[in-house]
Amino acid sequence: SFIGEESVAAGEGSILTDNPTWIIDPIDGTTNFVHRFPFVAVSIGFVVNKKIEFGIVYSCVEDKMYTARKGKGAFCNGQKLQVSGQEDITKSLLVTELGSNRDPETMKIILSNMERLLSIPIHG
């Protein structure tokens, strides 16, 4: 099976089943792309039994290929990635995306979550 982000965003229905499924977003960062903000990627995931098996993200502008496989780790251009180990949230950087859904109830939830995050003394 195939699920394409652009077709789902356009209103086409999509149901994730237990079948092996490719999930593809050919322009991940569509808003960035439309506004010529240079951070866009091609994202591909492969799911079996509703569980991700592997994913690939190609960051076009940076010419970086990110890959990850369940139980095998994550890599950038073949180099193993690891988390920073930072445990103090006040020394972390918050990066967020508000999403495109402007439904009043959804916005209320998003803004409430943002308010809770921003009350923590973080960088962002």
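How each quantity is defined
- Residues numbered from 1 in each chain as written.
- Predicted model: local features only at pLDDT ≥ 70, side-chain atom pairs only at ≥ 80, totals over all residues.
- Heavy atoms only, no water.
- UniProt positions renumbered as here; feature names shortened; annotations may be inferred.
- Helix = DSSP H or I, 4+ residues; strand = E, 2+ residues; numbered from the N terminus.
- Buried < 20%, exposed > 50% of the residue type's maximum accessible area, 1.4 Å probe, protein only.
- Polar contact = N/O pair within 3.5 Å; in protein donor to acceptor, adjacent residues only side chain to side chain.
- Pairing = 2+ DSSP bridges.

- Per an unreviewed UniProt entry, the recorded name for the protein chain is inositol-phosphate phosphatase, and the organism is Galbula dea.
- Under Sequence similarities (unreviewed entry), UniProt gives the following word-for-word description of the protein chain: "Belongs to the inositol monophosphatase superfamily."
- Looking at the protein chain in UniProt, the text filed under Pathway (unreviewed entry) is "Polyol metabolism; myo-inositol biosynthesis; myo-inositol from D-glucose 6-phosphate: step 2/2."

**Some words on the environment of S119**
- Within the fold, S119 resides in the segment after helix 3 (104-118).
- Its relative accessible area of 59% is what places S119 among the exposed residues.
- Engagement of the side chain of S119 in a polar contact is seen with the backbone oxygen of R116, the distance being 2.7 Å.

**With respect to the sheet that holds strand 6 (residues 73-76)**
- With respect to topology, seven strands assemble into an open sheet ordered 1-2-3-4-5-6-7, the strand pairing being mixed. Looking at strand neighbours, the two that pair on one side only are strand 1 (2-4) and strand 7 (79-80), the edges of this open sheet.
- Where strand 3 (residues 41-48) meets strand 4 (residues 51-59), eight bridges bridge the pair, whose relative direction is antiparallel. Among the inter-strand pairings, F46 is bridged to a residue of strand 4, identified as F54.

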